[in-house]
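Architecture at a glance
Below are the chains, spelled out letter by letter.
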Amino acid sequence: MNPDKTLAEIRDLLAYIGDLETRSQELDTGKESADLFEAADDQRVALADKFVALDKWLSDGGRLPAVWARPGGGEFRRGTHAWPGDQHPSQ
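The following paragraphs examine the structure supplied in this document. These numbers were taken from a predicted model, which means no experiment stands behind them. (Residues numbered from 1 in each chain as written. Predicted model: local features only at pLDDT ≥ 70, side-chain atom pairs only at ≥ 80, totals over all residues. Heavy atoms only, no water.)

1. Concerning the overall build of the chain
Secondary structure assignment for the chain yields three helices and zero strands. Counting from the amino terminus, helix and strand elements in the chain follow one another as α-α-α. A burial count over the chain gives 23% of its 91 residues as buried. Residue pairs at least 24 apart in sequence account for 64% of intrachain contacts in the chain once pairs closer than 6 positions are excluded. Accessible area for the chain stands at about 6,200 Å²; split by element, carbon and sulfur atoms hold 53% of it. (Helix = DSSP H or I, 4+ residues; strand = E, 2+ residues; numbered from the N terminus. Buried < 20%, exposed > 50% of the residue type's maximum accessible area, 1.4 Å probe, protein only. Contact = heavy atoms within 4.5 Å. Areas by Shrake-Rupley, 256 points an atom, 1.4 Å probe, with all protein chains shown as cover.)

This is how it looks when you write it as C-alpha cells:
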C-alpha cells in the first residue's frame, strides 16, 4: 500500500464526485442528469474502498501519508481539490 498515492486518489475522487454532483444539479432533470448522479454513486463506492484500505493500513501501523506527516500538510486546499459542496466537513 502506498498511503501517499491512496490519499491522492481519495482527494481526486472527492473532487470528481463534487464535479459530477454540480453538473447533475445544473442539469436538474433528465437522463444526462440521472447518469451523472449514478456515476457519482459509483465513485462513492470507489472512495469508500480507498478509505477502508487507508484506514486498515494506518490501523496496522503503516506510516502516514507524507502530507499528513508534516505540519499543515493535512489541509485539503481549495484550488487543488475541493470538498463536495465546497465546505470542509468540520464546518
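2. Comments concerning the environment of isoleucine 17
Tracing the backbone through its elements, the reader meets isoleucine 17 in helix α1 (residues 3-27). We classify isoleucine 17 as buried; its relative accessible area is 3%. The sequence separation of isoleucine 17 and leucine 47 amounts to 30 residues, and the corresponding C-alpha distance is 9.3 Å. Those residues within four positions of isoleucine 17 in sequence are excluded, and the remaining contacts are Ala40, Gln43, Arg44 and Leu47.

3. Some details on the pattern of salt bridges
Scanning all chains against the criterion turns up eight salt bridges. With a shortest N-O distance of 2.0 Å, arginine 44 and glutamate 21 are connected by a salt bridge. Of this pair, arginine 44 sits in helix α2 (residues 31-59) while glutamate 21 sits in helix α1, and the two are 23 residues apart along the sequence. Aspartate 60 is the salt-bridge partner of lysine 56, the closest N and O atoms lying 2.6 Å from each other. Residues participating in the shared-partner salt-bridge network are Lys5, Glu9 and Lys50. (Salt bridge = Lys/Arg side-chain N within 4 Å of Asp/Glu carboxyl O.)

4. With respect to the packing of α1 against α2
One way to put it is that α1 packs onto α2 with a least axis distance of 9 Å and a crossing angle of 160°. As far as their axial angle goes, α2 and α1 are roughly antiparallel. Judged by the twist between their axes, the crossing of α1 over α2 is left-handed. When its residues are assigned to classes, the contact of α1 with α2 shows 17 nonpolar, four polar and six charged. (Axes fitted to C-alpha atoms, helices over the stretch in contact; angles between N-to-C directions. Parallel < 35°, antiparallel > 145°, perpendicular 65-115°, else oblique. Left-handed = near helix turned anticlockwise from the far one by under 90°. Nonpolar A, V, L, I, M, F, W, Y, C, P; charged D, E, K, R; others polar.)

5. Points about α2
Structural remark: α-helix, 3.6 residues per turn; residues separated by three or four positions point the same way. Relative to the 42 Å expected for 29 residues at 1.5 Å per residue, α2 spans 42 Å between its end C-alpha atoms, a close match to the ideal helical length. Those residues of α2 that sit buried are Ser33, Leu36, Ala40, Leu47 and Leu54. On the buried face of α2, the contacting elements are α1 and α3 (66-69). (Expected span 1.5 Å × (residues − 1).)

6. Brief notes about the side chain of serine 24
Structurally, serine 24 is set in helix α1. Apart from residues lying up to four places away in sequence, serine 24 is in contact with Ser33, Leu36 and Phe37.

7. Comments concerning the nonpolar core
Membership of the largest hydrophobic core is limited to nine residues, which are Ile10, Leu13, Leu14, Ile17, Leu20, Leu36, Ala40, Leu47 and Leu54. Those elements that place two or more of their residues in this core are α1 and α2. Sort the elements by how many residues they give to this core and α1 lands first, with five residues. (Core = buried A, V, L, I, M, F, W, Y, C linked by side-chain atoms within 4.5 Å.)

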